[in-house]
Amino acid sequence: VNYGVKTQLGSIFQIFNLRLDMFFVNHFVGVSSVGIYSIAVAAGELLWYIPTATGNILFPMVSDNSKKYDDKYISSVCRKTTILIASGALATLLTSWFLIPLLFGEKFIPSIKPLVILLPGIIAIGIHKVLIFALMGKGHPQYMSYSGLITLVFTIILDIILIPLMGISGAALASTLSYIICAICTTYWFIKMSKLNWAEIIIPKKEDLIYLWNYGNRVAKNFLSVV
């Protein structure tokens with residue numbers, strides 16, 4: 001119960017972090033802007049499937065055998081996940097200008113700008129998702145609540161300041177800044193526990209790219225062999 005309460009408080013905070021900006025957008029700029037902004041949010045959040053899946057797998061692995069799946073292993077996973085989500089963000093950046101009007105109509109073209117503004121925050125929260133699951137697996141669920149509360153405070157403050165000034169772009173910027181702050185806090189806590197430096201955790205290495213390339217080739221060959 002003690003472990004679960006610490007975790008679920010963070011989950012509740014994160015729900016507010018993800019959806020509270022919709023209420024502020026509705027209040028400051030109107031319900032039609034909510035519809036446009038929601039497309040940007042939905043498109044950006046598709047990229048979160050990558051770190052969420054990674055974190056869900058990493059959590060039981062670290063919980064079961066923290067010696068085998070140690071801090072260097074977690075850092076390697078975080079770097080590889082960052083490469084994948086950054087690649088997805090780049091693909092979104094390059095394709096959103098024609099996919100959004102194609103799928104939703106030209107009236108939703110204004111959602112492209114806030115989507116682009118959201119992408120750095122999407123990458124940042126991806127780092128957070130991997131590291132927070134690792135911290136939870138190591139027996140520290142309180143950091144889930146700490147990060148959720150810190151992010152919520154900054155989200156509210158920045159939404160109130162930026163949305164009246166910039167509209168839905170302000171909402172996107174507020175979210176991105178809050179997500180970056182969240183990722184910085186989670187990375188700091190992981191560094192404090194692991195004694196690794198931030199570059200080892202975040203900056204991709206040559207072997208990470210080689211691993212992902214080789215793995216992608218194996219997946220492609222297996223797929224083609226089945227087809």
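Rules used throughout
Residues numbered from 1 in each chain as written. Predicted model: local features only at pLDDT ≥ 70, side-chain atom pairs only at ≥ 80, totals over all residues. Heavy atoms only, no water. Helix = DSSP H or I, 4+ residues; strand = E, 2+ residues; numbered from the N terminus. Rg over C-alpha atoms; globule rule 2.2 N^0.38 Å. Buried < 20%, exposed > 50% of the residue type's maximum accessible area, 1.4 Å probe, protein only. Contact = heavy atoms within 4.5 Å. Areas by Shrake-Rupley, 256 points an atom, 1.4 Å probe, with all protein chains shown as cover. Salt bridge = Lys/Arg side-chain N within 4 Å of Asp/Glu carboxyl O. Phe/Tyr/Trp six-rings, centres within 6.5 Å; stacked < 30°, edge-to-face > 60°. Axes fitted to C-alpha atoms, helices over the stretch in contact; angles between N-to-C directions. Nonpolar A, V, L, I, M, F, W, Y, C, P; charged D, E, K, R; others polar. Core = buried A, V, L, I, M, F, W, Y, C linked by side-chain atoms within 4.5 Å. Patch = residues over 30% accessible without salt bridge, like charges linked within 9 Å, V, L, I, M, F, W, Y side chains within 5 Å.

We now examine the overall build of the chain. When its secondary structure is counted, the chain shows nine helices and zero strands. Computed over its C-alpha atoms, the radius of gyration of the chain comes to 19 Å, within 12% of the 17 Å expected for a compact globule of 227 residues. Overall size of the chain, expressed as C-alpha extent along the three principal axes, is 50 × 50 × 30 Å. Residues classed as buried in the chain amount to 45% of the 227 residues present. Here the contacts in the chain between residues at least 6 apart in sequence split such that 79% fall between residues at least 24 apart. Total accessible area on the chain stands at roughly 12000 Å², and carbon and sulfur atoms take up 71% of it.

With that settled, consider the environment of Trp-198. One can find Trp-198 in helix H8 (residues 198-202). With relative accessibility at 51%, the residue Trp-198 sits in the exposed group. Each C-alpha atom, one on Trp-198 and one on Tyr-188, is 8.0 Å from the other, the two residues being ten residues apart in sequence. Setting aside anything within four residues of it in sequence, one finds Trp-198 in contact with Ile-191 and Ile-203.

Considering all chains together, one arrives at four salt bridges under this definition. Here Glu-45 ties to Arg-19 by a salt bridge, and the two come within 3.0 Å at their closest N and O atoms. Of this pair, Glu-45 sits in helix H2 (residues 31-45) while Arg-19 sits in helix H1 (residues 2-29); the two residues are 26 residues apart in sequence, bridging distant segments of the chain. In this structure, Lys-138 and Asp-71 form a salt bridge, with 3.0 Å as the shortest nitrogen-oxygen distance. With Lys-138 in the loop between helix H5 (112-137) and helix H6 (142-166) and Asp-71 in helix H4 (residues 71-104), this pair connects stretches of sequence that are 67 residues apart. By relative accessible area, which is 27% here, Lys-138 ends up partly exposed.

For any pair of aromatic rings, the description consists of the separation of the ring centres together with the inter-plane angle of the planes. Taken as a whole, this structure holds nine aromatic pairs when the rule is applied. Aromatic pair Tyr-211 and Tyr-215: ring centres 6.2 Å apart, planes at 10 degrees, arrangement stacked. On the criterion of helical spacing, the pair formed by Tyr-211 and Tyr-215 is a turn pair, its members being four residues apart in helix H9 (residues 206-226). Here Tyr-215 falls in the partly exposed class, since its relative accessible area comes to 42%.

Turning to the packing of H5 against H6, a few remarks are in order. The N-to-C vectors of H5 and H6 enclose an angle of 145 degrees; their axes lie 8 Å apart at closest approach. Taken together, the residues of H6 that come into contact with H5 (itself represented by His-128, Ile-132, Leu-135 and Met-136) are Tyr-143, Met-144 and Ser-147. Its residues assigned to classes, the contact of H5 with H6 comprises five nonpolar, two polar and no charged.

What follows concerns the nonpolar core. If you look at the biggest cluster of nonpolar residues, it comprises 28 residues, and the most contacted ones within it are Val-25, Tyr-37, Leu-47, Trp-48, Leu-118 and Ile-122. If you list the elements that add at least two residues to this core, you get H1, H2, H4, H5, H6 and helix H7 (168-194). In contact with Trp-48, not counting residues within four places along its chain, are Leu-18, Ile-85, Ile-122, Ile-125, Gly-126, Lys-129 and Tyr-179. Counting 21 residues, the second largest nonpolar core, distinct from the first, contains Val-62, Val-77, Tyr-143 and Met-144.

For the rest of this paragraph, the subject is a nonpolar patch on the surface. Residues Leu-149, Val-153, Phe-154, Ile-157, Ile-161, Leu-165 and Met-166 make up a contiguous nonpolar surface patch of about 640 Å² in total accessible area. For Val-153, the location among the structural elements is in helix H6.

It is worth spelling out the environment of Leu-18 at this point. With respect to the element layout, Leu-18 can be found in helix H1. For Leu-18, a relative accessible area of 24% translates into the label partly exposed. Separated by 133 residues in the primary sequence, Leu-18 and Thr-151 place their C-alpha atoms 10.0 Å from one another. Beyond its immediate chain neighbours, meaning those up to four positions away, Leu-18 contacts Glu-45, Trp-48 and Tyr-179.

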